[in-house]
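What the coordinates show
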Amino acid sequence: MVTMRNVPRLFVILLYLYPASFRHRFGHEMSTTFHRTLQQHDRAHTRFALWIRTIRDVILCAVVEWRDLIRNKRPSRNPTQPPRSNPRRRSGALSSIGRDCRLAIRTLVRRPGFTAAAVATLALGIGANTAVFSVVDGVMWRSLGYDEPDRLVAVWPGRSMSMREIVFLHDNAESFASVASVAGWTMALSGVASPTQVYGARTSANLFTTLGTPAQ
């Protein structure tokens, strides 16, 4: 059995964005569903994505619930007569969307605390999504700037090799189409205003040919 103690505190706080009547009616069911869904995601990145989607959906649904609650509580001008229908408001979906947007804006203006929390949550979600997408795009999706990056292999990248080993590998390794060597190199640059240390690399002459990219 799922109790409110088992539900993450952040989700309980998000439930307070809803009206009290909605929260008392559906809060326990929503907490139970979210707790079970969270248990099914055992990886950190899937849990992070679930939290982002949950925060977004809660904010959007809360705005709709507050809009409907305020609309239902608004009295008519003459309680004994039904409200007059305005032909302009029945012009289509665009007018309905416009009314909903205006009502949502007025609701947000009247509740500055809720507005600040909603804006901060949206900013956090958008920023986190952008950062995660940038990292994933640069590390996993975007290919390296070489001709055939899937055919490049690093031989003993954490070990220094002697020139004799490099020559032997170049002459006898038939599995490789080309073998190039590269090693880090630092030197002191003088003759300028203040001497500085320059970081570079010593490479074999066929390095750029092996990588399949021209020197820049």
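Everything numeric here is computed off the predicted structure, so don't read it as measured data. (Residues numbered from 1 in each chain as written. Predicted model: local features only at pLDDT ≥ 70, side-chain atom pairs only at ≥ 80, totals over all residues. Heavy atoms only, no water.)

Considering the overall build of the protein
How we decide: Secondary structure elements follow DSSP: runs of H or I no shorter than four residues count as helices, runs of E no shorter than two count as strands, and numbering proceeds from the N terminus. Here, residues are in contact when the closest pair of their heavy atoms is within 4.5 Å. The Shrake-Rupley method, run with a 1.4 Å probe sphere, supplies the accessible areas, and residue values consider only the shown protein chains as cover.
Along the backbone of the protein there are 7 helices and 2 strands. Starting at the N terminus, the α and β elements of the protein follow one another as α-α-α-α-α-α-β-β-α. When contacts within the protein are restricted to residue pairs at least 6 apart in sequence, those whose partners lie at least 24 apart make up 51%. Total accessible area computed for the protein in this model is approximately 17,100 Å², and 58% of it derives from carbon and sulfur atoms.

Some thoughts on the confidence of the model for the protein
We count it as follows: pLDDT expresses, on a scale from 0 to 100, how confident the predictor is about each individual residue.
In this model, the protein carries a mean pLDDT of 77, and residues with pLDDT of at least 70 account for 81%. Across residues 76-81, where pLDDT falls below 50, the model places 1 contact with residues more than four positions away in sequence or in other chains.

Side note on the layout of surface pockets
Convention followed: Only protein atoms enter the 1 Å grid used here, on which a cavity is any set of points holding a 1.4 Å probe that cannot leave and a pocket is any open set flanked by protein within 12 Å on both sides along at least five of seven lines; residues with an atom within 4 Å of a point are listed as lining. Grid points are joined across faces, edges and corners, and a volume is the space filled by probe spheres set on the points. By the convention adopted, Pro, Cys, Tyr, Trp, Phe, Met, Ile, Leu, Val and Ala count as nonpolar, Lys, Arg, Asp and Glu as charged, and the other residues, Gly among them, as polar.
Quantified by volume, the largest pocket comes out at close to 1,100 Å³. Forming the walls of the largest pocket are 36 residues, and the residues nearest its centre are Val-153, Val-179, Ala-180, Ser-181 and Thr-210. Every element with two or more residues in the lining of the largest pocket is listed here: helix H6 (163-172), strand S1 (182-189), strand S2 (196-203) and helix H7 (207-211). Among the elements that make up the lining of the largest pocket, the one with the highest residue count is H6 (5 residues). Among the residues making up the lining of the largest pocket, the classes are represented as 19 nonpolar, 12 polar and 5 charged.

Looking at the pairing of S1
Side-chain direction in a regular strand flips from residue to residue, so the side chains alternate between the two faces of the sheet. Our working definition: When DSSP locates at least two bridges between a pair of strands, those strands are taken to pair.
Relative to S2, S1 is paired through 8 bridges, and the arrangement is antiparallel. Among the inter-strand pairings, Trp-185 is bridged to a residue of S2, identified as Gly-200. Remark: 6 residues form the turn of the hairpin made by S1 and S2, two consecutive strands paired antiparallel; Gly-191 in that turn has positive phi of roughly 85°.

What to know about a nonpolar patch on the surface
Stated precisely, the cut-off is as follows: Patch members must show over 30% relative accessible area and no salt bridge, and they are joined within 9 Å when carrying like charges or within 5 Å when they are nonpolar side chains of Val, Leu, Ile, Met, Phe, Trp or Tyr. Between Lys or Arg on one side and Asp or Glu on the other, a salt bridge is scored when a side-chain nitrogen of the former is within 4 Å of a carboxyl oxygen of the latter. Using a 1.4 Å probe on the protein chains alone, a residue whose accessible area is under 20% of its type maximum counts as buried, one over 50% counts as exposed, and one in between counts as partly exposed.
A contiguous nonpolar surface patch, about 410 Å² in accessible area, is contributed by Trp-185, Met-187, Leu-189, Val-192 and Val-198. Here the nonpolar patch gets 3 residues from one element, more than from any other, and that element is S1. On the secondary structure map, Trp-185 appears in strand S1. The exposure class of Trp-185 is partly exposed, given its relative accessible area of 40%.

Description of the nonpolar core
Note the following rule: Take the buried residues of types Ala, Val, Leu, Ile, Met, Phe, Trp, Tyr and Cys, join any two whose side-chain atoms come within 4.5 Å, and each joined set is a nonpolar core.
Residues Phe-11, Leu-14, Leu-17, Tyr-18, Phe-34 and Trp-51 are the most contacted members of the largest nonpolar core, which totals 17 residues. At the level of elements, helix H1 (9-15), helix H2 (20-40), helix H3 (44-73) and helix H5 (112-141) are the ones that each hand at least two residues to this core.

Let's talk about the packing of aromatic side chains
The cut-off we apply is this: Here a Phe, Tyr or Trp ring, Trp counted by its six-membered ring, pairs with any other such ring whose centre lies within 6.5 Å, and the pair is stacked when the planes are under 30 degrees apart, edge-to-face when over 60, and tilted otherwise. Over a ring means this: the NZ of a Lys or the CZ of an Arg is within 6 Å of the ring centre and within 35 degrees of the ring normal.
Applying the stated criterion to the full structure yields 3 aromatic pairs. The interplanar angle of 45° and the centroid separation of 4.9 Å between the aromatic rings of Phe-22 and Phe-26 together place this pair among those described as tilted. Of this pair, Phe-22 and Phe-26 both sit in helix H2, 4 residues apart, which is roughly one turn of the helix. Taking relative accessible area as the criterion, Phe-22 reaches 17% and is therefore assigned buried. Grouped by ring-pair contacts, the aromatic residues Tyr-18, Phe-22 and Phe-26 constitute a single cluster. Positioned above the aromatic ring of Trp-66, the side-chain terminus of Arg-111 is 4.1 Å from the ring centre.

Topic: the environment of Ile-59
Tracing the chain through its elements places Ile-59 in helix H3. Relative accessible area serves as the criterion here: at 4%, Ile-59 is assigned to the buried category. Separated by 62 residues in sequence, Ile-59 and Thr-121 place their C-alpha atoms 8.5 Å apart.

A few points about the pattern of salt bridges
Applying the stated rule across the entire model yields 2 salt bridges. Asp-68 is the salt-bridge partner of Arg-67, the closest N and O atoms lying 2.9 Å from each other. Residue Arg-67 is classed as buried on the basis of its relative accessible area, which comes to 17%.

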